[in-house]
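Report on the structure
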Amino acid sequence: MHIDTTLGKFACQNQAFGPVLYRRNGPVAEIVLNLPAKLNSITAEMAVGLQAAMDQAEADPGVRSILLCGAGRAFSAGFDLGTMEADPSLEDMTAMLQMDFDVIMRFWNSPKPTLSAVHGYVLGGGFELAMACDMTIAAEDAMFGEPEPKFGSGIVALLLPWLTGPKQAKEMLLFGNDRVTADRALQMGLVNSVVPQSELLDVARDTARRAAVLDGLAVRMTKDAINKSYGRMGLEGALREALAIDIQIETSETEESRTFKEILATKGVKAAIAWREVRFAALDATSAETEEKNKMSYTALVVDKSEDGVTQTIQTLENDTLPKGDVTVAVEYSSVNYKDGLCLSATGGLVRKFPHVPGIDYAGTVEHSADPRYMPGDKVVLTGWRVGENHWGGYATRTRIAADKLVPLPQGLSTAQAMMVGTAGLTSMLAVMALERNGLTPDQGEVLVTGASGGVGSVAVAILAKLGYQVAAVTGSEANSAFLTDLGASRIVLREELSETVKRPLETETWAGCIDAVGGSMLARILGQMKYGSSVAAIGLTGGADLPASVVPFLLRGVTLKGIDSVMQPFEDRQKAWARIATDLPIAKLEELSTSIKLEDVADAGARILKGDIKGRTIVEL
Ligand code: NDP
């Protein structure tokens, strides 16, 4: 908005007090800040001019109210930094600030009602000037702020906390919010009304005339009474103290203020302001960039169902399709598991609602979080919670999830490594931890792992071996022996040795502990071979869901059968397990067994995992 201050707009003759225009418009004295080329920065001449204009308005008995406005694009950008002395003495600084303070408070203390009509920038001293008036009307484009603390300056007339609450005052002064819009200023009680830009002067003049119609004496005395109320509350004393603090601030040197003044002296106001804004611009840019990024679409492997059956296609989706959750994650890696194979199959497997994005595990970087536990840049991992089944999963470049379900990635583990570990590795670690909780230590004897060449079993073998346990690995094929020995197994037990059902509920005490991925009759048999007081962690059912067992091992040997669930495992245990994975899992061995594929290859990998064609871990690079 540009305010025209030529005579045509105003009825009466202009008088100039330096860069301040003064005119009588009927009973209203109009005072115009008239340094538009400098956004009406308050120079020493302007301060003098304002005092002179106020002298005239107050002395003129025909003036019943005073209207203050600014010419050009802004009401005022604040005190002029360009004419500031480079290194003023304490006396000079005190005199200058006192002069600024006095001119601002002149509008508060004037016996006549004062009204500011503001538009564009209303900053620093300009903001204080507007606040000091009895009323303020703002154009819609007005922007309020006190940027002084950004460059080591203080506030000359600290009226702000008297007009708005401490939270808002502190937000503006201590947290650098110097871009308060007209609507927000209205909410904060800093202005009386907001009007369209084209109507600002008309509304302000009408309002000023209303004051002029009132009884002059009553208005003067009532204003005095209102001001005295603030006096009683300690306004003057508080402002004096604030001014003293400002003088202290202005005469103390900090790194910021020194740099600012140096740039001001050598390169001018624009360069100094640019330096001042740079850190904030960086912040703004970060949030703007993030916002921009968040606005963008993302790529996902979508499973959908139509009359032609279940399809898997890679699609570009808008962000408003992201699943519910308070943390947005840029997915870096996911993995291919049996459950994923099912969801990618011709029937859609475990998928309850189409369209769907599978991927039961993922790891990536937080892009945005509405939960204070996470912030952009944090590395996170997700497994379980039926993600990829009834909540959209990790086969997408971006996803969203409840903060409760994520785990911060522990130090020392990359997102790719976390996916090599995945649900299978987490389950193994939870099983190891369960056995340890039950008292298992390496000196107690051999620990049995069944389904040993599988996803869970192989990691369990590797972890136990690294922890110093003697591991007996049960496998269906002798061909797996080298693989299992390489992982750290000290003995290979062929599956058939344990699948034979025996009639006796108790056999020789053989195993100090067991991690069982098989279940069924093999688990029943193993229970009878457990050592006294030992425990079995049951994690899977590849051999069957039945348990044709006897309770005798529980009763006569105090054996514990501990079920392991990785899906709904509470956060604390998950976090502990991931921390242990970072330290106790021989990740290099896992890396040797892992293959990385792209999103385009996932559908094929899903089909192969169902056929048992995949060995080791398959991770998906997003
Ligand atoms: P895999 O398919 O990778 O491995 C299973 C292994 O079990 C096979 O490699 C094979 O090993 C063995 N096996 C297969 N069929 C039989 C059979 N009929 N009898 C005996 N052994 C058999 O699966 P995972 O390791 O990923 O999962 C193992 C089990 O754990 C599954 O039942 C799975 O559903 C469950 N699971 C449970 C979790 C939980 O939170 N509790 C989490 C993840 C998985 P080998 O050739 O060496 O004999």
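All values reported here derive from a predicted model rather than from experimental measurement.

1. Some details on the overall build of the chain
Along its length, the chain carries 21 helices and 25 strands. For 622 residues, the compact-globule estimate of 2.2 N^0.38 gives 25 Å, and the chain exceeds it by more than 25% at 38 Å. Considered along the principal axes of its C-alpha atoms, the chain spans approximately 115 × 60 × 50 Å. A total of 622 residues make up the chain; the buried ones form 49% of that total. Within the chain, contacts between residues at least 6 apart in sequence are counted, and of these 70% link residues at least 24 apart. When the accessible area of the chain is evaluated, it comes to approximately 27,900 Å², of which 54% is carbon and sulfur surface. Between the averaged position of the 59 positive side-chain charges in the chain and that of its 77 negative side-chain charges there is a distance of 4 Å.

2. Description of the pattern of salt bridges
A side chain with one charge may pair with a side chain of the opposite charge, provided their charged atoms come close. Within the structure shown, the criterion is met by 27 salt bridges. Across the salt bridge formed by Asp-224 and Lys-228, the nearest N and O atoms sit 2.9 Å from each other. Here the residue Asp-224 and the residue Lys-228 both occupy positions in helix α8 (residues 216-232), the gap between them amounting to four residues, near one helical turn. For Arg-491, the salt bridge goes to Glu-446, with nearest N and O atoms at 2.5 Å. Linking Arg-491 in strand β20 (residues 491-494) with Glu-446 in the loop between α13 (415-437) and β18 (447-449), this pair joins segments that are 45 residues apart in sequence. Accessibility expressed as a relative area gives 34% for Arg-491, which makes it partly exposed. A cluster of three or more residues bridged by salt bridges with shared partners is formed by Arg-23, Glu-30 and Arg-205.

3. Considerations on unusual backbone geometry
With an omega dihedral of -10°, the bond running from Phe-354 to Pro-355 counts as a cis peptide bond. Among the structural elements, Pro-355 can be located in the loop between α12 (338-343) and β14 (362-369). At Leu-39, a position not held by glycine, the phi torsion is positive, near 50°. Residue position: Leu-39 is located in the loop between β3 (28-33) and α1 (44-59). The phi angle at Arg-386 is positive, at roughly 65°, despite the residue not being glycine. Following the sequence through the fold, Arg-386 ends up in the loop between β15 (379-382) and β16 (398-401). Its relative accessible area of 36% is what places Arg-386 among the partly exposed residues.

4. So, the side chain of Glu-148
With respect to the element layout, Glu-148 can be found in the loop between β8 (143-145) and α4 (160-163). Ignoring sequence-local partners within four residues, the contact set of Glu-148 consists of Gly-124, Gly-125, Glu-128, Ser-153, Gly-154 and Ile-155.

5. Concerning the sheet that holds strand β5 (residues 114-118)
Pairing within the open sheet is mixed, and its seven strands lie in the order β1-β2-β3-β4-β5-β7-β10. The two strands at the open ends of the sheet, each matched to only one other strand, are β1 (15-17) and β10 (193-195). Adjacent strand axes in the sheet meet at a mean angle of 25°, parallel and antiparallel pairs treated alike. Two strands pair when backbone bridges link them, and strand β2 (residues 20-25) and β3 are joined in this way by six bridges, in the antiparallel orientation. Its bridge partner lying in β3, Leu-21 is registered against Val-32.

6. Here's the deal with helix α3 (residues 124-132)
Residue pairs three or four apart in sequence face the same way in an α-helix, which turns once every 3.6 residues. Of all nine residues that make up α3, nine are buried, and the element is covered over most of its length. Among all positions in α3, only Gly-124, Gly-125, Gly-126, Phe-127, Glu-128, Leu-129, Ala-130, Met-131 and Ala-132 are buried.

7. A closer look at the confidence of the model for the chain
Per-residue pLDDT for the chain averages 91, and the proportion of residues at 70 or more is 94%. For the stretch residues 3-11, pLDDT sits under 50, and the model shows 25 contacts to residues farther than four places along the chain or on other chains.

8. Section: a nonpolar patch on the surface
A cluster of nonpolar side chains, namely Val-551, Leu-555 and Leu-556, defines an oily patch on the protein surface of about 330 Å² accessible area. Here Val-551 is to be found in the loop between β22 (530-538) and α18 (552-557).

About the criteria used
- Residues numbered from 1 in each chain as written.
- Predicted model: local features only at pLDDT ≥ 70, side-chain atom pairs only at ≥ 80, totals over all residues.
- Heavy atoms only, no water.
- Helix = DSSP H or I, 4+ residues; strand = E, 2+ residues; numbered from the N terminus.
- Rg over C-alpha atoms; globule rule 2.2 N^0.38 Å.
- Buried < 20%, exposed > 50% of the residue type's maximum accessible area, 1.4 Å probe, protein only.
- Contact = heavy atoms within 4.5 Å.
- Areas by Shrake-Rupley, 256 points an atom, 1.4 Å probe, with all protein chains shown as cover.
- Lys, Arg positive; Asp, Glu negative; His and termini not counted.
- Charge placed at Lys NZ, Arg CZ, Asp CG, Glu CD.
- Salt bridge = Lys/Arg side-chain N within 4 Å of Asp/Glu carboxyl O.
- Pairing = 2+ DSSP bridges.
- Axes fitted to C-alpha atoms, helices over the stretch in contact; angles between N-to-C directions.
- pLDDT = per-residue confidence, 0-100.
- Patch = residues over 30% accessible without salt bridge, like charges linked within 9 Å, V, L, I, M, F, W, Y side chains within 5 Å.

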